[in-house]
Amino acid sequence: MTKPRYLTDSERAKVLEFQDMIHYSPRYNDDTHEYRHVMLPKNMLKVIPQDYFNSETGTLRILLEEEWRGLGITQSLGWEHYETHAPEPHILLFKRPINYGQ
């Protein structure tokens, strides 16, 4: 399993300046999972460390929970970052099993 790449104190201070501008979509679901997307402020991408990005696509790579929480994204337990919306790289897609934790 991959180990998370934690932000340094100075990196974290830069990204947390944008925390109040992060937008969370309502939840939506299919038969097995519930989903939501998280929209980061576009300017926030400029202060996220380069090793959080996929060098081939230029979008954020799939982030581990410790990493996306370190960026200031706050959600209840069970959410998994599973995709970045390539046409809009500031949008991160999350999912978790329906009835997680019940």
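Residues numbered from 1 in each chain as written. Predicted model: local features only at pLDDT ≥ 70, side-chain atom pairs only at ≥ 80, totals over all residues. Heavy atoms only, no water.

The chain carries the name Cyclin-dependent kinases regulatory subunit in an unreviewed UniProt entry, which gives Spathaspora passalidarum as its organism. Per UniProt, the comment on the chain under Function (unreviewed entry) is "Binds to the catalytic subunit of the cyclin dependent kinases and is essential for their biological function." UniProt annotates the chain under Sequence similarities (unreviewed entry) with the comment "Belongs to the CKS family." (UniProt positions renumbered as here; feature names shortened; annotations may be inferred.)

Q: An account of the pattern of salt bridges is requested, with residue identities and associated values reported.
A: When the charged atoms of two side chains with opposite charge come close together, those side chains can pair. With the rule as written, the count across this model stands at six salt bridges. E34 is the salt-bridge partner of R27, the closest N and O atoms lying 3.9 Å from each other. Judged by relative accessible area, which is 45%, R27 ranks as partly exposed. What makes E34 buried here is its relative accessible area of 14%. (Salt bridge = Lys/Arg side-chain N within 4 Å of Asp/Glu carboxyl O. Buried < 20%, exposed > 50% of the residue type's maximum accessible area, 1.4 Å probe, protein only.)

Q: Explain the pairing of strand 5 (residues 91-97) to me, using residue names and the numbers behind them.
A: Most of strand 5 is tucked away: five of the seven residues are buried. Pairing geometry for strand 3 (residues 33-39) and strand 5, over seven bridges, is antiparallel. Bridge assignment links V38 to a residue of strand 5, and that residue is L92. The hairpin turn running from strand 4 (residues 80-84) into strand 5, its antiparallel successor, is six residues long. (Helix = DSSP H or I, 4+ residues; strand = E, 2+ residues; numbered from the N terminus. Pairing = 2+ DSSP bridges.)

Q: Let's hear about the packing of aromatic side chains: which residues, and what values?
A: Applying the stated criterion across every chain yields a total of three aromatic pairs. Centre to centre, the rings of W68 and F94 are 5.0 Å apart; their planes meet at 75°, and the pair counts as edge-to-face. Taken together, the residues W68 in helix 2 (residues 65-70) and F94 in strand 5 connect sequence positions 26 residues apart. The residues W68 and F94 share a single accessibility class, namely buried. Among the aromatic residues, those joined into a cluster by ring pairs are Y28, Y35 and Y82. Sitting over the face of the ring of Y52, R61 holds its NZ or CZ atom 5.1 Å from the ring centroid. (Phe/Tyr/Trp six-rings, centres within 6.5 Å; stacked < 30°, edge-to-face > 60°. Lys NZ or Arg CZ within 6 Å of the ring centre and 35° of its normal.)

Q: Outline the side chain of T59, supporting the account with residue identities and numerical values.
A: Looking at where T59 falls in the secondary structure, it is placed in the loop between strand 3 and helix 2. Taking the relative accessible area as the measure of exposure, T59 reaches 10% and is therefore buried.

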